[in-house]
Structure formats: C-alpha cells, structure tokens
Amino acid sequence: MVTANKEATYNSAIEGDIVVTRLDAVINWIRSNSIWPMPMGLACCGIELMGAGGARFDIARFGAEVMRFSPRQSDCMIVAGTVTYKMAPHIRRIYDQMASPKWVIAMGACASTGGMYRSYSTMQGVDRILPVDVYISGCPPRPEAILDALIKMQEKIRREPSARMLFKEEYKG
Amino acid sequence: MSDAISETNTTATSGIVATLREKFPQSAEKITPRASADHPAVNVPADAAMAILTYLRDEHGYEMLSDLTAVDWAEGASPRFTVVWHLLSVTINPGVCLRVAADCASDTEPEMPSVADIWPAANWHERETFDMFGIVFTGHPDLRRILMWDGYPHHPLRKEFPLAGMDDELPDPEVEAETKARLVAAPMAGGPFVASTGNLNLAESEPRAKDQSWSEENPKAEGPKG
C-alpha cells in the first residue's frame, strides 16, 4: 500500500538507496561547481586573473580555484588579454586540446573586441576563432567582474541539455 | 627645429664631426652635422658606418648601444631609409647620447652592415628593424622576424602600410581552415586612438578616437580608412 510521504527531505529508511532526479540536473550540478579554468594570460588581464585566484577574492568559493596549465585537464579557457594574430593559432590549438565539454570566457576589452588596439597586429576579438560563452568588460576588469562572469557561466551551464548532448556525435570523444 | 638646438649641443656635434672627418678623410664630405633637438647627432655614409661606429666605441668610450632604429622618409623619397644608432657612454660622458645616422643606398632593397658583432645588444634591435622596415642587416648572425611571424609578407612600419593592416592569411593554415578566420583590416571608426596633450585631466587626455561622428555602419563620406 502506498502511503503519503510527509517528510520534506530524503529519508533513506523509507526510500532506500535511491535518489530520483533529472540527469541534466545532476550532470550540470557536477559540471558547474567544479569549472577548472585554463588561464590564457596574454596581457595585464592575466594579473587581475591572478588576483581573482588569490585569497582576497578567492575564486575557490565558486569551485574554480584549480587553475590548470594543461589544456587536457581544464574545462574553461579564460582568454585574459590582447590576442595578436601571431598568438591566435596557438590559442585555437590549445582550445582544441581541451576535452569536451568546454567553455570560453573572453576577459577584458582586448579579448572581446580588440580593445584599444585597432592595428594590423591585433585580432579584433577572440570570438573570431573561439566560441565565446561569456564576455567581461573592463580594461582590465576587476576580480569581482571575473567572479561575476564565473557565476553567469555556472548559470549558463545549469541550463544546458547535458544528457541529450552526451549522445550526440559531436560531443563524443 | 634649428632654434631648438642648444648651443652646447651644436658645439659637441661640430667637435665630433671634426674628429670623424680627420679620422676618416676619404668620407669627410659625407660626415655632416644632423639636426637634433637634444643630443649631438651626425650623419655618416653607409659604407663607412661600421668603421666609424667601431672607432666611436673603441676610442670615444661609446660602449653601449641604447637604441637602433630606422626612418622611412616616404614612398618615393630618395634616400628613403635611414638607420639610426643611439650610442651611450657610461664611462666618459654619463648621460650623453650620440646619435649616428646613415642613409641606405638602395630605396627598394635597403641594406646596412650589422653591428651585432661590436654591440651584442644590436642583435634583436636589428631583427626588429628588419621586421618593421625590411632593412637587411648584412652580417647579422640570425636575421629573422622578431615581432611578426615568419612568412608575414609586409613590413608594418613602412609608410605605404596602412595602420589598420591588410587582409591576409592567418599564420597557421590549419587553424584558418578550421575557423575561417583571417587577418582583416582593423576598424578605424573615428580614426586611430590618440592621446590628447595639454593641461587636461586623465579622463580627458586618455587615448581615444578623435572623430566619432562616423562608424563602420555609418561611414565617413570621403574615404573610409584613416
């Protein structure tokens, strides 16, 4: 006989070792709370990124303190600084080496639009070679802006149809 | 600019010119004083530049090369390219810089002897001057581009090269095929970013486009690029 469960929380004595939820919720919960950044520090924005990683601003509060200098171990490339045409192919190659799922934050005016460098040597926005998820304004942005971008990134990840994407060909491997 | 040349500077320049003319009589008529607002400066012929610079280093104590650059006078000008060496003596004349300039003989394929052997500091400066102006420094141990990538077809500081750049291929053809990205001329809405001078506060003097009445969507009537 089925009885009405009046308890608001999970009770293992009644329900056993089973949790019922949506796959998307679980996957996105795991992904969004441990974004390992790939710090692509190219200019002064890299210094502010280091500030965000330090004790005062403490990016660890959002689960992104594990800065990985290997693309194989990171989830989110933070392009922090001026993207020159000479550097652009290397950035793309590093991005290609990151395992899916992966995200990109364009940090600062230069990475977003070329910034004040309207010149022959500077790519006018890293979104010409990478699919950027979040743009941060500022020159350079303050660490709070990086944390804000990270929170927006988490919100975006939590809206993704991750379970469906698992079975799509382009997301395998 | 001649008003700006100080009396002591002129004296120092004529002293150096006289010394060099005495030491190098065969190129005496080509060793001339050079207009300069601050430091003494001399023009020397390109073929004697190496000997003169070595002499200045060994006999006059200019043991430091603080800068090496070039001037592009304009497309069609002759001589078109001038190489400039900034010499500094830290033992004899602390703080006094000597500027030595020599015109390149050819306007289309400029060449200049390398001074990397006598001042190792010249190595990267000459690579940069080669990269930006296309001046070949003969005898340089490793004359490759230093700022732009190998295979870049232009010399960006030449007068005919537009500030915005030119449409071109990315350094890496694989990445270009993957991303469809290319080198494009940078947007020049309102002209290049320039700083304002004068008695302004920091917010007013910071670099910005001077003419913001037009944009990429709403182009200026006469000629698109600045």
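Residues numbered from 1 in each chain as written. Chains lettered and ligands numbered in written order. Predicted model: local features only at pLDDT ≥ 70, side-chain atom pairs only at ≥ 80, totals over all residues. Heavy atoms only, no water.

A. Structural view of the overall build of chain A. When helices and strands are counted, chain A shows 7 helices and 4 strands. Walking chain A from its N terminus toward its C terminus, one meets helices and strands in the order α-α-β-α-β-α-β-α-β-α-α. Taking the principal axes of the C-alpha coordinates as reference, chain A spans close to 75 × 40 × 25 Å. Burial analysis of chain A (173 residues in total) assigns 43% to the buried set. Relative to all contacts within chain A whose residues are 6 or more apart in sequence, the contacts with residues 24 or more apart total 77%. When the accessible surface of chain A is summed, it comes to about 9,500 Å², and 56% of that surface belongs to carbon and sulfur atoms. When the 21 basic and 17 acidic side-chain charges of chain A are each reduced to a single mean position, those positions are 7 Å apart. (Helix = DSSP H or I, 4+ residues; strand = E, 2+ residues; numbered from the N terminus. Buried < 20%, exposed > 50% of the residue type's maximum accessible area, 1.4 Å probe, protein only. Contact = heavy atoms within 4.5 Å. Areas by Shrake-Rupley, 256 points an atom, 1.4 Å probe, with all protein chains shown as cover. Lys, Arg positive; Asp, Glu negative; His and termini not counted. Charge placed at Lys NZ, Arg CZ, Asp CG, Glu CD.)

B. Examining the pairing of strand S1 (residues 37-41) of chain A more closely. In terms of residue burial, S1 of chain A counts as a mostly covered element, since 4 of its 5 residues are buried. One crossover worth recording links S1 of chain A to the parallel strand S2 (residues 76-80) of chain A by way of helix H3 (residues 45-53) of chain A, and it is left-handed. (Right-handed = clockwise from strand over helix to strand, strands pointing away.)

C. Representation of the interface of chain B and chain A within the structure. Taken together, the contact between chain B and chain A spans 29 residues of the former and 14 residues of the latter. Taking both partners together, chain B and chain A bury about 1,900 Å²; carbon and sulfur atoms supply 63% of that area. Counting across the interface, chain B meets chain A through 3 salt bridges. Close ionic contact of arginine 93 of chain A with aspartate 172 of chain B constitutes a salt bridge, the shortest N to O distance being 2.8 Å. Summed over the shared surface of chain B and chain A, the number is 7 residue pairs in polar contact (both at pLDDT 80 or more). (Buried area = accessible area lost by both parts, 1.4 Å probe. Salt bridge = Lys/Arg side-chain N within 4 Å of Asp/Glu carboxyl O. Polar contact = N/O pair within 3.5 Å; in protein donor to acceptor, adjacent residues only side chain to side chain.)

D. Representation of the domain arrangement of chain B within the structure. All names here are of chain B. Domain assignment breaks chain B into domain 1 (2-138), domain 2 (152-185) and domain 3 (187-220). Computed from C-alpha atoms alone, the centre-to-centre distance between domain 1 and domain 2 is 33 Å. The junction of domain 1 with domain 2 conceals about 780 Å² of combined surface from both sides, 52% of it contributed by carbon and sulfur atoms. For the domain 1 face of the interface with domain 2, the top three residues by lost area are Asp72, Met132 and Phe133, together amounting to 51%. (Domains from an automatic or database assignment.)

E. Here's a closer look at the side chain of arginine 92 of chain A. For arginine 92 of chain A, the position within the fold is in helix H4 (residues 88-97). Among the polar contacts listed, one links the side chain of arginine 92 of chain A to the side chain of glutamate 178 of chain B, at a separation of 2.8 Å.

F. Focus on the nonpolar core. Residues and elements named next belong to chain B. The biggest cluster of nonpolar side chains holds 62 residues, and the ones touching the most others in it are Trp85 and Leu87. Sort the elements by how many residues they give to this core and helix H2 (residues 46-60) lands first, with 7 residues. Setting aside its immediate chain neighbours within four residues, leucine 87 contacts Leu53, Leu56, Tyr62, Met64, Leu65, Val96, Cys97, Leu98, Val100 and Trp119. (Core = buried A, V, L, I, M, F, W, Y, C linked by side-chain atoms within 4.5 Å.)

G. Geometry of the state of the cysteines. Residues and elements named next belong to chain A. One pass over the structure, following the stated rule, counts 0 disulfides over all chains. Here cysteine 76 is not cross-linked by a disulfide; its sulfur's nearest cysteine counterpart is in cysteine 45, at 14 Å. Counting only cysteine sulfurs, cysteine 139 is the nearest neighbor of cysteine 110, a cysteine outside any disulfide, at a range of 5.6 Å. (Disulfide = S-S within 2.5 Å.)

H. Representation of helix H6 (residues 143-158) of chain A in the model. All names here are of chain A. Between its terminal C-alpha atoms H6 stretches 23 Å, which fits the 22 Å expected from 16 residues at 1.5 Å a residue. Among the residues making up H6, those that are buried are Pro143, Ile146, Leu147, Ala149, Leu150, Met153, Gln154 and Ile157. Down the axis, H6 shows its buried residues gathered within 160° of arc, on one side only. The inward-facing, buried residues of H6 abut helix H2 (23-32), H3, S2, strand S3 (103-107) and strand S4 (134-136). (Expected span 1.5 Å × (residues − 1). Arc of directions from axis to C-beta.)

I. Inspection of the sheet that holds strand S5 (residues 97-103) of chain B at higher detail. Residues and elements named next belong to chain B. Read from one edge to the other, the open sheet built from 5 strands follows the order S1-S2-S5-S4-S3, with strand pairing classed as mixed. Among the strands making up the open sheet, the edge pair consists of strand S1 (32-33) and strand S3 (64-72). Examined bridge by bridge, strand S4 (residues 81-88) and S5 share 7 bridges and lie antiparallel to one another. The residue of S5 that forms the bridge with valine 83 is alanine 102. Lying over the sheet, H2 contacts S4 and S5, oriented at roughly 160° with respect to S5. Strand contacts of helix H3 (residues 122-133): S3 and S4, with the helix running at about 10° to S3, the strand carrying the most contacts. (Pairing = 2+ DSSP bridges. Axes fitted to C-alpha atoms, helices over the stretch in contact; angles between N-to-C directions.)

J. Region of the structure containing the packing of aromatic side chains. As enumerated under the stated definition, the model contains 3 aromatic pairs over all chains in all. A centroid spacing of 5.4 Å and a plane angle of 90° characterise the contact between tyrosine 120 of chain A and phenylalanine 161 of chain B, whose relative ring orientation is edge-to-face. Taken together, the residues tyrosine 120 of chain A in the loop between helix H5 (108-113) and S4 and phenylalanine 161 of chain B in the loop between strand S7 (136-138) and helix H4 (173-179) connect one chain to another. Exposure class is identical for tyrosine 120 of chain A and phenylalanine 161 of chain B. Each is buried. (Phe/Tyr/Trp six-rings, centres within 6.5 Å; stacked < 30°, edge-to-face > 60°.)

K. How the structure looks around the sheet that holds S3 of chain A. Residue and element names in this part refer to chain A. Spatially, S1-S2-S3-S4 is the arrangement adopted by the 4 strands of the open sheet, whose pairing is parallel. Either end of the sheet is taken by a strand with one partner, and the two such strands are S1 and S4. Here the average twist between neighbouring strands, direction ignored, is 15°. Bridge analysis of S1 against S2 gives 5 bridges, and the strand direction is parallel. Bridging across to S2, methionine 38 finds its partner in methionine 77. Sheet contacts for H3: S1, S2 and S3; angle to S2, the most-contacted strand, approximately 130°.

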